[in-house]
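Architecture at a glance
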Amino acid sequence: MPRLLPPPCRAAILAPMLLIRSPKRRRTVALEVQSDGTLKVTAPMRTSLAWINAFITEKAGWIARRQKAVRERTTRKPAPLAEGSLVPFMGHDLTLHLASTDQNEPPSCWHDKEKNELHLKLHPALPPQALQAEIRTELALWAKKQARAHLQERLAFWAERMELAPTRLILTDPRKRWGSCNAKNEIRINWRVIMAAPEVIDYLLVHELAHIPHKNHGRAFWALVRQYIPDLAARRSTLHRFEKSAFFDREG
Ligand SMILES: [Zn+2]
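This write-up is about the structure you can find in this document. (Residues numbered from 1 in each chain as written. Predicted model: local features only at pLDDT ≥ 70, side-chain atom pairs only at ≥ 80, totals over all residues.)

1. Description of the pairing of strand β7 (residues 117-122)
A regular strand places its side chains on the two faces of the sheet in alternate fashion. The following threshold applies: Burial in this document is a count-based property: other C-beta atoms within 10 Å of a residue's C-beta are tallied, and the residue is buried at 20 or more, exposed at 12 or fewer, or partly exposed in between, with C-beta positions derived from the backbone. By definition, any uninterrupted DSSP run of H or I lasting at least four residues is a helix, any uninterrupted run of E lasting at least two residues is a strand, and each is numbered from the N terminus. A pair of strands is treated as paired once DSSP finds two or more bridges between them.
The two faces of β7 differ: L118, L120 and L122 on one face are buried, but E117, H119 and K121 on the other face are not. As judged from the 6 bridges shared by strand β5 (residues 92-100) and β7, these two strands associate in the parallel manner. Its bridge partner lying in β7, S100 is registered against L122. Taking the residues between adjacent antiparallel strands as the criterion, strand β6 (residues 108-112) and β7 are bridged by 4 residues, where N116 takes a positive phi near 55 degrees.

Laid out in structure tokens, this is it:
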């Protein structure tokens, strides 16, 4: 049986918390999720802690949604990319090196695999904001191309081993999903998975291929994944860590 997730731990969701006793004669308890995710509770002097706790528990769903929104807003903001920035790629951190193109030369990207360096040639004399946009566009173009080649090759490899026949591989761009397999057995993979190590990418491909015979996450589905990826738990958690990474992301 696949393990059932425990119910959400309310204490974990709500921490950290700030309790402020309102000096005025207010009768109601007010909740606010601050920009750093802290829950601010304003309560009258005489309201007991037990009552406040019960109130917070009752509002746990609302609080969790607000805290999630705050977290997403802060983690989504990408750090500016510059000379020496690290770019995650297939389990390595590539050091970014920037150079200018010659006149009329288009921008280009070159990966030095031995040194784990990424050399990006861009139009000279771009203002800072345009430069950021250009770096991100060129990096994404390059990474997408690498992703397509690698994913196609590995999908063919696993499809043959698992004796399964996906109809198509489609590279997608969603913010929240790594992959999916529909009723027509078309496999969609978020190209940003190219940030992760090859064994993590393999787990994602085996996972989606296993949806060809099993359109659910039931016992038979996980048994099939585990047959090819015995250490799937570790690879799965590594994959989910990349969800917070803003690399190869659009700005803003
Ligand atoms: Zn799935």
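Let us keep going from here.
2. Examining the packing of helix α4 (residues 128-162) against helix α5 (residues 198-210)
Condition: Angular values range over 0 to 180 degrees, each being the angle between N-to-C directions of two axes fitted as lines to C-alpha atoms, with helices fitted over their stretch in contact. Orientation categories follow fixed angle ranges, with anything under 35 degrees roughly parallel, anything over 145 roughly antiparallel, 65 to 115 roughly perpendicular, and all other angles oblique. Take the far helix as your reference; a near helix turned counterclockwise from it by less than a right angle gives a left-handed crossing, and one turned clockwise gives a right-handed crossing. Here, residue contact means that the backbone-derived C-beta atoms of the two residues sit within 7 Å. Amino acids are sorted into nonpolar (Ala, Val, Leu, Ile, Met, Phe, Trp, Tyr, Cys and Pro), charged (Asp, Glu, Lys and Arg) and polar (every other residue, Gly among them).
Axis separation between α4 and α5 bottoms out at 10 Å; the angle between their running directions is 50 degrees. Here α4 lies oblique to α5, going by the angle between them. In this structure, α4 crosses over α5, and the sense of that crossing is right-handed. Each of R154, L155, W158, A159 and M162 in α4 lies in contact with α5, whose residues at this interface are I201, D202, L205, V206 and L209. In terms of residue class, the contact of α4 with α5 is built from 8 nonpolar, no polar and 2 charged.

3. Examining unusual backbone geometry
With phi around 50 degrees, M90 is a residue other than glycine that occupies positive phi space. Within the secondary structure, M90 sits in the loop between β4 (86-89) and β5.

4. Some thoughts on the sheet that holds strand β2 (residues 30-33)
Pairing is mixed across the open sheet formed by 3 strands, whose spatial order is β1-β3-β2. A single partner strand is all that each edge strand has here, and the edge strands are β1 (17-22) and β2. Geometrically, the sheet is characterised by an average inter-axis angle of 20 degrees between neighbouring strands, direction not taken into account. Taken together, the 6 bridges between β1 and strand β3 (residues 39-44) define a ladder with parallel strand orientation. Along β3, the bridge assignment pairs R21 with A43.

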